[in-house]
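The primary structure of each chain is shown beneath.
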Amino acid sequence: MSSVDSSGDGGKWLDAHYDPVAGLYTFSSCIDLADLSGDRESRLVVGDLGTGSSGMKLKVYRGTALISENSLLDLPAGLVAFFMDLHEPRIPAVAVASGPCIYVYKNLRPYFKFTLPSLDINPLEQDVWQQVREGQIDPVMLKEMLESIRKKADIPLSIRSLKFLSLESDEVDEFVQLYKQQPIRRQTVITCIGTLKKSTADEDGISCLVIGTENSDVFVLDPEAFTILCKMSLPAVPTMMDVTGQFDVEFRITVACRNGSIYILRRESEKPKYCIELSSHPVGLARVGKNMVVGCTDESLQGFTQKGKKLWKIILPAPVTTMAAMDLPTRGLQAVLVGLANCQVQLYRDKNLLSTIKTPDTITSICFGRYGREDGTLVMTTKGGGLMVKILKRTAMFDDMDSTPGPPLAQSVRLNVPKKTKLYVDQTLRERENGLAMHRAFHMDLSRMRLAAARAYVKALESSLTPMSSSLSEPLKMNAVVQGLGPSFKLTLNVQNTASCRPIMNLAINFLYDDNLYRIRNPYMKIPLLVPGLIYPFETFVECTSDKGISDLIKVFVLHEEKSSPLLTAHINMPVSEGLVLS
């Protein structure tokens, strides 16, 4: 690989390769690095999604060249490389989860196919199709009976019945004739896949396959006989998983599910041991040391312990597209790589940002590990199908201040707490001796204050002293604006009908003020018909007639011409006039 300096990442990475037209469309769960030939050179294994309906392939890259590809029958849900035996030379196999099957490749050739066991069939559904087979009921009756079964039965219907219910009326006869003689099967599909060491934690130790299914089950498979060693159930469908430990000793399976929660499964437990309820759905899951890092749809990155205790949370500059763990034992570096929708890949250790890589396109998958003979290699694919390879410089140093784990340094500085005074000690003793009486007095005062506030509120409603009408038949809202320095002020009243569809008419505005201080040009104004939702401004001028430099309150009433009590009231605190009225 030829290497040139990268830009936008602080000079910590080398651009080894970038092919914008590689045609790779995949996710982080379908990409892995493994030594598939036993020559100590790792290859890149990719489960290519193709167009989504065709062109699905298993591709293997060596360096920058595509050396192998195998066609897949269905969309790959996940891909892992694992050691399934002790044969020499130590060459891992590749397991591809696709539909209800796991396809195992060894030496880049198909080796074994494992199919998930069939699910139980609803007996009522089976009986209905048996009656169709014998000609006892017609397709119309079949549709009605299947609809009834789907609403009431505990066991879901098979794919055949669901497909039949979705057909138009002119297609049902042909469908029934085609499938009525075939046996009913209910098959689930694989949603995620991982590996679990069997008995030893060695890098080339035998590993079991761990798979999550659409039926909310998690299976652990024997690597040699491909039998089910363990079955666990979840409350929701798993979408991502992280596995650690050994099957024969102790293991922990962390599963992110479609209901927005994360469940932790342990050995000899068929149900989840711990549950983490997130505020939004997870889009990425990675293990860093003994902690878990979760990326969520609310543009946040969160850290949790193995038991589900929340450690920290940070807000990201853009939505998360993909995540992957970055483990470099030679440098003692454990971090997480987060791909963002703003064409950036950020490197975090705990909640501290260590590095930012700018990319030409949005990243869809990330994989870090040994590629070729380079240990610190970062492989990424883009939304447009590009392939990007970067190498961590041997001289790259990450800022220790940004990566310091634990609490901030200021937390360890001792506070200068003053000594206890005699007044403080006496007050403490008084509160201890009279705590009950003080508590009762406090609650008594609080109740009196609430009562006084409630009485004032009721009085304001009954006398229409509020700027909003409490009448259901004539709902109004008003605010006032005073403009000017004096002695002449412009007063603007904005009146609004807050009803949904009923206009209001026969209203008037009246002012109450001190004649010795103010003179209002229009002390009484008629209001035209008020259309709901519109704001009607009414303007008048107020002149201050006093030269004593004082101000007073002007009350504004909105009245109905046939009623004496106002609908609403506004109190306007007039400013002090800065001049005298010119005679």
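Since we're looking at a predicted model, the values are computed, not measured. (Residues numbered from 1 in each chain as written. Predicted model: local features only at pLDDT ≥ 70, side-chain atom pairs only at ≥ 80, totals over all residues. Heavy atoms only, no water.)

Draft legend 1. Main features of the overall build of the chain. Scanning the chain for helices and strands turns up 6 helices and 37 strands. Taken over C-alpha atoms, the radius of gyration comes to 37 Å for the chain, far larger than the 25 Å a tight globule of 583 residues would show. Counting over 583 residues, the chain shows a buried share of 45%. Within the structure as shown, the chain displays about 31600 Å² of accessible surface, and the carbon and sulfur contribution to it stands at 53%. Of the side chains in the chain, 65 bear a positive and 64 a negative charge, and the two mean positions are spaced by 6 Å. (Helix = DSSP H or I, 4+ residues; strand = E, 2+ residues; numbered from the N terminus. Rg over C-alpha atoms; globule rule 2.2 N^0.38 Å. Buried < 20%, exposed > 50% of the residue type's maximum accessible area, 1.4 Å probe, protein only. Areas by Shrake-Rupley, 256 points an atom, 1.4 Å probe, with all protein chains shown as cover. Lys, Arg positive; Asp, Glu negative; His and termini not counted. Charge placed at Lys NZ, Arg CZ, Asp CG, Glu CD.)

Draft legend 2. Region of interest: the pairing of strand β14 (residues 228–233). Where strand β13 (residues 217–221) meets β14, 5 bridges bridge the pair, whose relative direction is antiparallel. From the neighbouring strand, L221 faces β14, where its bridge partner is I228. Linking two consecutive strands that pair antiparallel, namely β13 and β14, is a turn of 6 residues; a positive phi of about 55° is found at F226 within it. (Pairing = 2+ DSSP bridges.)

Draft legend 3. Examining the UniProt feature "domain: Bardet-Biedl syndrome 1 protein GAE" (unreviewed entry) in the chain more closely. Sequence positions flagged by UniProt for "domain: Bardet-Biedl syndrome 1 protein GAE" (unreviewed entry) are, in local numbering, residues 476–578. Within the segment residues 476–578, helix and strand shares are 0% and 53% respectively, and the terminal C-alpha atoms sit 34 Å apart. (UniProt positions renumbered as here; feature names shortened; annotations may be inferred.)

Draft legend 4. Up close: the side chain of Q346. Structurally, Q346 can be placed in strand β25 (residues 344–349). A polar atom in the side chain of Q346 sits 2.5 Å from the side chain of Y348. Apart from residues no more than four positions distant in its own chain, Q346 is found in contact with L316, P317, V336, L337, V338, L340, L353, S355 and T356. (Polar contact = N/O pair within 3.5 Å; in protein donor to acceptor, adjacent residues only side chain to side chain. Contact = heavy atoms within 4.5 Å.)

Draft legend 5. Just the packing of aromatic side chains, in detail. Applying the stated rule across the entire model yields 5 aromatic pairs. With a centroid separation of 6.0 Å and 35° between ring planes, the pair formed by F164 and F175 is classed as tilted. Highlighted residues: F164 in helix α3 (residues 159–165) and F175 in helix α4 (residues 172–179), separated in sequence by 11 residues. Where F247 meets F251, the ring centres are 5.8 Å apart and the plane angle is 15°; that geometry is what we call stacked. The pair formed by F247 and F251 is uniform in burial state, with each residue classed as buried. In textbook terms, an aromatic cluster arises when at least three aromatic residues are bridged by ring pairs, as seen for W129, F164 and F175. Sitting over the ring of Y111, K106 keeps its end group 5.5 Å from the ring centre. The aromatic ring of W129 is capped on one face by R160, whose charged end is 4.8 Å from the ring centroid. (Phe/Tyr/Trp six-rings, centres within 6.5 Å; stacked < 30°, edge-to-face > 60°. Lys NZ or Arg CZ within 6 Å of the ring centre and 35° of its normal.)

Draft legend 6. Inspection of the environment of Y513 at higher detail. Tracing the chain through its elements places Y513 in the loop between β32 (507–512) and β33 (518–520). For Y513 and E144, which are 369 residues apart along the polypeptide, the C-alpha to C-alpha distance reads 78 Å. When neighbours within four sequence positions are excluded, Y513 is seen to be in contact with Y518, R519, I520, P523 and I554.

Draft legend 7. Up close: the nonpolar core. Grouped together as the largest cluster of nonpolar side chains are 28 residues, with contacts concentrated most on L476, I509, F511, V542 and V556. For this core, the secondary-structure elements that each account for two or more residues are β30 (476–483), β31 (488–497), β32, β33, β34 (524–527), β35 (535–544), β36 (553–560) and β37 (568–573). Leave out the neighbours within four places in its chain, and V542 touches P487, S488, F489, L491, Y518, R519, I520, I554 and M574. Listed in part, the 20 residues of the second largest apolar core include W13, M326, A335 and M388. (Core = buried A, V, L, I, M, F, W, Y, C linked by side-chain atoms within 4.5 Å.)

Draft legend 8. Highlighting unusual backbone geometry. Of the consecutive residues E88 and P89, the connecting peptide bond is found in the cis state with omega at -5°. Even without being a glycine, N107 presents a positive backbone phi close to 60°. As for its position among the elements, N107 is in the loop between β9 (101–106) and β10 (109–115). For N107, a relative accessible area of 43% translates into the label partly exposed.

Draft legend 9. Highlighting the sheet that holds strand β23 (residues 320–328). Taken together, the 4 strands give an open sheet; going across it, the order is β23-β24-β25-β26, and neighbouring strands pair in antiparallel fashion. Because the sheet does not close on itself, it has two edges, and the strands there are β23 and β26 (352–358). For this sheet, the mean inter-axis angle between neighbouring strands, taken without regard to orientation, is 20°. (Axes fitted to C-alpha atoms, helices over the stretch in contact; angles between N-to-C directions.)

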